[in-house]
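# Overview (structure and organization)
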Amino acid sequence: MDARRNPFAPGAGTRPPELAGRDALLERNAVALDRIRAGRAARPSVLYGLRGVGKTVLLTAMRDAAEGEGIAIVAIEAPENRSLPGILAPALRAALLRLDRMKQASEGVKRALRALAGFAKLKVKYDDLEVGLDFDVEPGLADSGDLEADLADLIVAIGEAAREKGSAVVLVIDELQYVPEEQLAALISALHRASQRQLPVTMIAAGLPQLLGQMGRAKSYAERLFEFVSVGPLDDAAARDAIRLPIEREGEAIDDAALEAIREQAMGYPYFLQEWGKHSWDAADASPISQEDVAAATRSALAELDASFFRVRFDRLTPAEKRYLRAMAALGAGPHRSGDVAEGLGVKVSSVAPTRNSLIAKGMLYSPAHGDTAFTVPLFDAFMRRVMPLG
């Protein structure tokens, strides 16, 4: 098989050749954004799920579709140890300047830029906020120093500017779980204010499973502003389509046993489907790809995952965190009771609670229910057993 024609694309947020099983979700979000642009009530999507389920790919597809409809996009990824004002202000400035280049009157955009100039005064409190502005502040507009009040003023001014332009502004935020809860509450409150005024400004976002609880704790009405969508593995039919259709578009074939073997190994997770698809194509001497080719591909796919997808997360861990995850891995895929993990380590639950909390903060674990702990990365338990064998 010609490696140059290999259609599969494993990568961080890389769109697969076949975005299988997600059409209904993408259409619902497109309808919601169209309604918001028209000043109608709607709930755009907040995606949550494990690593490797394709949240970033879906968020990018939603963003691209919105941009194609003339909607102004403010796309950011929320990194660890950065403030929301620090990452939001420069992106909002760029979006407002793009709006200002559109035809029609622009006084609303100028006012929004003045609001942003006032908001930038928060750099006294958030020292990572750096944005160059050529606009004077408007006294009393987004300049009080209170994040919740000022962000609401700013988002409302942006919504008014977008309405003046006959457009909409959509914040597209990936890894939203890294935004501190107080700042997340301010953002939700600001978007709620804009929604109450039927202004065309909103957010679509993605994050790990803990995001659902974080947003609910931040503001109890968050569930009425957004459609929270749990993104999981593909169902059997969609998983097969994700492999079979790209191969057939290249004029090649895969037999049914091989297709089922890939589905079982990847467990329906889109990222892993891409890995197994890529390695199965490369392992095959000729079409159709066989079950034997998949068996060979499994060895190379796991080696690739161990060296990159898993390893990059493992290398961020402290020795204590690695021991905790290894004890979890000995129990299986999970979820597991925190007491069982502590018992496996031979210690009290209270003594390892800080380690568990730091792993949750790093996005390695989440708590699906009180007292339970689970990996955010599928198949990570098997990786831990490979990389830290007992004895």
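Okay, so let's go over this structure. (Residues numbered from 1 in each chain as written. Predicted model: local features only at pLDDT ≥ 70, side-chain atom pairs only at ≥ 80, totals over all residues. Heavy atoms only, no water.)

So, about the overall build of the chain. What the chain contains, in helices and strands, is 17 helices and eight strands. Taken over the C-alpha trace, the chain has a radius of gyration of 23 Å; the compact-globule value for 391 residues is 21 Å, and the two agree within 12%. Overall size of the chain, expressed as C-alpha extent along the three principal axes, is 70 × 60 × 35 Å. A separation threshold of at least 6 residues defines the contact pool for the chain, and within that pool the share at least 24 residues apart is 74%. Element-wise, carbon and sulfur atoms account for 48% of the exposed surface of the chain, whose accessible area totals about 17,100 Å². Side-chain charges in the chain split into 48 positive and 54 negative, and the spacing between the mean points of these groups amounts to 4 Å. (Helix = DSSP H or I, 4+ residues; strand = E, 2+ residues; numbered from the N terminus. Rg over C-alpha atoms; globule rule 2.2 N^0.38 Å. Contact = heavy atoms within 4.5 Å. Areas by Shrake-Rupley, 256 points an atom, 1.4 Å probe, with all protein chains shown as cover. Lys, Arg positive; Asp, Glu negative; His and termini not counted. Charge placed at Lys NZ, Arg CZ, Asp CG, Glu CD.)

A separate point is the nonpolar core. One broad rule of soluble globular proteins: the nonpolar side chains tend to lie buried together. Ranked by size, the top nonpolar core spans 69 residues in total, and within it Phe-272, Phe-310, Leu-325 and Phe-380 carry the most contacts. It is helix 2 (residues 55–68) that contributes the most residues to this core, six residues altogether. Excluding residues within four positions of it along the chain, Phe-380 makes contact with Phe-310, Arg-313, Phe-314, Leu-325, Met-364 and Phe-375. Membership of the second largest hydrophobic core comes to 59 residues, among which are Leu-84, Leu-88, Leu-187 and Leu-191. (Core = buried A, V, L, I, M, F, W, Y, C linked by side-chain atoms within 4.5 Å. Buried < 20%, exposed > 50% of the residue type's maximum accessible area, 1.4 Å probe, protein only.)

Spatial strand order, 2-3-4-1-5: five strands in an open sheet with parallel pairing. The strands lining the two open edges of the sheet, one partner per strand, are strand 2 (72–77) and strand 5 (227–230). Across the sheet, the mean angle from the axis of one strand to that of its neighbour is 15 degrees, orientation sign disregarded. Here strand 1 (residues 45–48) pairs with strand 5 via four bridges, running parallel. Bridged to Leu-47 within strand 5 is Val-229. (Pairing = 2+ DSSP bridges. Axes fitted to C-alpha atoms, helices over the stretch in contact; angles between N-to-C directions.)

What follows concerns helix 9 (residues 236–249). Between its first and last C-alpha atoms helix 9 spans 20 Å; for 14 residues at 1.5 Å apiece the expected length is 20 Å, and the two agree. Of all the bends in helix 9, the greatest, near 25 degrees, is centred on Ala-242, and the proline Pro-246 appears no more than four residues after it. Listing the buried residues of helix 9 in full gives Ala-238, Ala-239, Ala-242, Ile-243, Pro-246 and Ile-247. (Expected span 1.5 Å × (residues − 1). Bend = angle between axes of the 7 residues up to and from the residue.)

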